[in-house]
Amino acid sequence: MQLYFFGLHWGDERFLDEEGIAHFDEGSALYYAQRIADKIGRDADYGSLKVEVRTSEGGLLATILPSEGRRREQLALIGRRYPRPVRHAADPAAKPTAAL
């Protein structure tokens with residue numbers, strides 16, 4: 001087992017992992033980092049979140065971003081908080097749609 005460190009970055013803010021977590025291999029550490037990014041990315045500023053995975057020697061193994069599915073989930077949740085008014089075709093303010 002090897003020790004890996006998972007630093008979090010949001011824009012200008014950095015949170016360094018000083019304790020680390022032991023994993024069997026790099027794949028396990030990367031999977032863990034993706035889970036962290038997806039879990040935090042659901043509730044945070046999605047565009048700037050990054051998880052940096054470092055080895056016990058201090059070398060950068062990977063920079064992980066939240067997955068595309070989580071980004072879409074967050075955008076859907078934001079849309080629910082700020083619903084747009086629905087305009088019907090009979091509404092004179094409605095914009096015409098282009099034919100496909």
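Look up a bit, the structure's there.
A quick note: this is a predicted structure, and the numbers were derived from the prediction, not measured.

Q: Tell me about the side chain of His9, and name the residues and values.
A: Examined against the element boundaries, His9 turns out to sit in strand 1 (residues 2-10). A distance of 3.4 Å separates the side chain of His9 from the side chain of Glu52, its partner in a polar contact. His9 has contacts with Arg14, Ser48, Leu49, Lys50 and Glu52, leaving out every residue within four places of it along the chain.

Q: Before we move on, could you go through the packing of aromatic side chains and cite the residues and values that matter?
A: Overall, the coordinates contain two aromatic pairs when judged by the stated rule. Considering the side-chain rings of Trp10 and Phe15, the 5.7 Å spacing of their centres and the 80 degrees angle between planes classify their relative orientation as edge-to-face.

Q: Quick rundown of the nonpolar core? Include the residues and the values.
A: Counting 11 residues, the largest nonpolar core is built from Tyr4, Phe6, Leu8, Ala29, Ala33, Ile36, Ala37, Val51, Val53, Ala62 and Ile64. Sorting the residues of this core by element identifies strand 1, helix 1 (26-41), strand 4 (49-55) and strand 5 (60-64) as the ones contributing at least two each. At four residues, the largest contribution of residues to this core is made by helix 1. The contacts of Val51, once residues within four sequence positions are left out, are Phe6, Gly7, Leu8, Ala33, Ile36, Ala37, Ala62, Thr63 and Ile64.

Cut-off values and rules
- Residues numbered from 1 in each chain as written.
- Predicted model: local features only at pLDDT ≥ 70, side-chain atom pairs only at ≥ 80, totals over all residues.
- Heavy atoms only, no water.
- Helix = DSSP H or I, 4+ residues; strand = E, 2+ residues; numbered from the N terminus.
- Polar contact = N/O pair within 3.5 Å; in protein donor to acceptor, adjacent residues only side chain to side chain.
- Contact = heavy atoms within 4.5 Å.
- Phe/Tyr/Trp six-rings, centres within 6.5 Å; stacked < 30°, edge-to-face > 60°.
- Core = buried A, V, L, I, M, F, W, Y, C linked by side-chain atoms within 4.5 Å.
- Buried < 20%, exposed > 50% of the residue type's maximum accessible area, 1.4 Å probe, protein only.

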